[in-house]
Amino acid sequence: MLKKDIVDTPIFGSNEEQRVAPKTEMTKEGTAEDIAYQIVHDEAMLDGNARLNLATFVTTWMDDSARRIMAETMDKNMIDKTEYPQTAEIERRCVNIIAKLWNSPEAVNGQYCMGTSTVGSSEACMLGGIAALFRWKKRRKAAGKPTDKPNFVISSCFQVVWEKFAIYWDVEMRTVPVTAEHITLDPEQAVKLCDENTICVVPIEGVTITGLNDDVKALDAALDKLNAKTGWEICIHVDAATGGFILPFIYPEVEWDFRLKWVLSISTSGHKFGLVYPGVGWVIWKDKSYLPKEMNFAVNYLGAEVPSISINFSRPGNQVLAQYYQLIRLGWNGYHDVQASSLNVCLYLRDELKKMGIFEFFTDEMPNPLFIWKLKDDPKRKWTLYDLSDRLHIQGWQVPAYTMPADMEDVIIMRIVARQGVGIDLADLLMKDIKACVAELDALENPTNSAEKWNKKQPQSQRCFNHVR
Ligand SMILES: *Cc1c(COP(=O)(O)O)cnc(C)c1O
């Protein structure tokens, strides 16, 4: 029973509120519920305002009903398909709906498609990569050939998950450098890096660093030629963390998905432009036969086999339910309109930045609601984009500055991602602050650049880690 004095004491008059919160050790006694709540709530206030974060790809706004669904169902464990068969059924529906968006031949025939929800794109990419590795191993073993030196090919603009994949599963990562002339994956160069030990090539739709799309169709054609000549079966896993929920709505005619011969698996982040709070991702295979049997720990419920394919075990089921909510709430038109308006906000911002006359853009293309720019050369200018990023941070905005990967590592760029919840009005307020910050930096005798010095010392993955998500 609560002691009376605890019940009657106002939160900010309590003894607990007079103490510093425990940092390294548990306290012996607990804390009253409302005070514990207040302490954690108040500490979280120090995090940035997610809506002003123009660095992240991850959803920062959902409607009240979505939040209600998530709160009501956060006790459901996704892995427990026997206890929560309806959540499992809804996961299968989501897999099918997304597979259909990606023109899966199985979805077209109205069957259940092969795929799973994951905790995010990272797990989904891993699963796609492992499946390619296992298929390659099986073919090599059948041919009596060694399986100790697998590799995969990707552009140097890879997201850090692929470095992890290479290290965890001991697969060599071969990177095609991007250059100012070839700022996306060059299919000819990619094919040149392939050999009999190549398990797959990984194009990216919505390259994290640039916002551009690798040309999957050209890559597919180049690989088809190579495979025909050599008898290899080098396939494609598309990392569509961003593009998976943009391309089907904005460019349905572009062929980047299961319409292409060698695209056997695709992954995406449900919590990026799938418009769900973190963390949910999806990976789908073109056909059941492309998921190696040893990766499918199928469970039986109510007489049906439900695929269980994941690296994590227990995981919240409410994010999958929230994904389903978004799919039925928005429908195709709703997703189209939300993504189109995010693109519009980016176009508006780019036009406004262009008018300032001091920035340069790498391409006119903007396939995804994010874009990058750099400063025009000016020997008189004493500040860099790192300084501008710092200044904006003081105003509460997070607009990251970072350097490009190998072969363009001297180029400092700035990036903006617009998501659901970043409207024209907010963009306008940002522009006002950018102009004010630039004027301030121009007027300073000694603009600091500590961020630049810090960033330069970091390895690529770390350097980008803070900002590129
Ligand atoms: C964000 C991203 C990832 C990692 O996705 P998570 O959902 O955060 O795990 C992987 N690849 C690309 C291209 C990304 O943009």
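Just so you know, these numbers come straight off a predicted model, no measurement behind them.

K.L.:
What is the right way to read the overall build of the protein from this model?
P.N.:
Along the backbone of the protein there are 15 helices and 13 strands. Scaling as 2.2 N^0.38, a compact globule of 469 residues should have a C-alpha radius of gyration of about 23 Å, and the protein matches this with 24 Å. In terms of overall dimensions, the protein has C-alpha extents of about 75 × 70 × 45 Å along its principal axes. Of all 469 residues assigned to the protein, the portion counted as buried reaches 52%. Looking at the protein alone, contacts between residues at least 24 apart form 70% of all its contacts between residues at least 6 apart. As presented, the protein carries roughly 22,500 Å² of accessible surface, and 53% of it is formed by carbon and sulfur atoms. Treating the 53 positive side-chain charges of the protein as one cloud and the 63 negative ones as another, the clouds have centres 3 Å apart.

K.L.:
I'm lost on the site of the ligand in this one. Help?
P.N.:
The environment of the ligand is made up of 13 residues, and the closest members are S121, S122, D239, H271 and K272. With respect to the ligand, the side chain of T208 contributes an N or O atom lying 3.1 Å from an oxygen atom. Measuring from an oxygen atom of the ligand, one finds a side-chain N or O atom of K272 at 2.8 Å. Expressed as a share of its isolated accessible area of 390 Å², the protein-covered part of the ligand is 91%. Tallied by class, residues from the shell around the ligand come to 3 nonpolar, 7 polar and 3 charged.

K.L.:
Before we go on, may I ask you to explain the packing of helix α4 (residues 85–101) against helix α11 (residues 318–355) in this structure?
P.N.:
Each packed pair of helices is defined by two parameters, the angle between the axes and the distance between the axes. At a minimum axis separation of 9 Å, α4 and α11 run at an interaxial angle of 45°. By the criterion of interaxial angle, the relationship of α4 to α11 is oblique. When the axes of α4 and α11 are compared, the crossing they make is left-handed. On the side of α4, the interface is formed by T87, I90, E91, R93, C94, I97 and L101, while α11 contributes V320, L321, Q323, Y324, L327 and W332.

K.L.:
Would you mind going over the UniProt feature "modified residue: N6-(pyridoxal phosphate)lysine" (unreviewed entry) in the protein with me for this structure?
P.N.:
If you check UniProt for "modified residue: N6-(pyridoxal phosphate)lysine" (unreviewed entry), the listed places come out as K272 in our numbering. Inspection of the secondary structure puts K272 in the loop between β6 (263–269) and β7 (281–285).

K.L.:
Looking at this model, I keep getting lost on the sheet that holds strand β3 (residues 172–176). Mind explaining?
P.N.:
Sheet strands associate in pairs through backbone hydrogen bonding, adopting either a parallel or an antiparallel arrangement. The 7 strands are arranged β1-β7-β6-β5-β4-β2-β3 in an open sheet whose pairing can be described as mixed. Each edge of the open sheet carries a strand with a single partner, namely β1 (115–118) and β3. Between one strand and the next, the sheet's axes are offset by a mean angle of 20°, whatever the strand orientation. Note that β6 and β7 share 5 bridges and pair antiparallel. Considered in β7, the bridge of S269 is made with G281.

K.L.:
It is not clear to me how unusual backbone geometry should be interpreted in this structure. Could you clarify?
P.N.:
Among all residues except glycine, the phi angle is most often negative; among peptide bonds, the trans geometry is most common. Put simply, P278 and G279 share a cis peptide bond, and its omega is 0°. One can find G279 in the loop between β6 and β7. Even without being a glycine, D170 presents a positive backbone phi close to 55°. Along the polypeptide, D170 turns up in the loop between α7 (160–168) and β3. A relative accessible area of 62% means that D170 is categorised as exposed. With a phi close to 80°, D407 is a non-glycine residue in the positive phi region. Of note, D407 is situated in the loop between β12 (401–403) and β13 (412–417).

Rules behind the numbers
- Residues numbered from 1 in each chain as written.
- Predicted model: local features only at pLDDT ≥ 70, side-chain atom pairs only at ≥ 80, totals over all residues.
- Heavy atoms only, no water.
- Helix = DSSP H or I, 4+ residues; strand = E, 2+ residues; numbered from the N terminus.
- Rg over C-alpha atoms; globule rule 2.2 N^0.38 Å.
- Buried < 20%, exposed > 50% of the residue type's maximum accessible area, 1.4 Å probe, protein only.
- Contact = heavy atoms within 4.5 Å.
- Areas by Shrake-Rupley, 256 points an atom, 1.4 Å probe, with all protein chains shown as cover.
- Lys, Arg positive; Asp, Glu negative; His and termini not counted.
- Charge placed at Lys NZ, Arg CZ, Asp CG, Glu CD.
- Near = heavy atom within 4 Å.
- Polar contact = N/O pair within 3.5 Å; in protein donor to acceptor, adjacent residues only side chain to side chain.
- Nonpolar A, V, L, I, M, F, W, Y, C, P; charged D, E, K, R; others polar.
- Axes fitted to C-alpha atoms, helices over the stretch in contact; angles between N-to-C directions.
- Parallel < 35°, antiparallel > 145°, perpendicular 65-115°, else oblique.
- Left-handed = near helix turned anticlockwise from the far one by under 90°.
- UniProt positions renumbered as here; feature names shortened; annotations may be inferred.
- Pairing = 2+ DSSP bridges.

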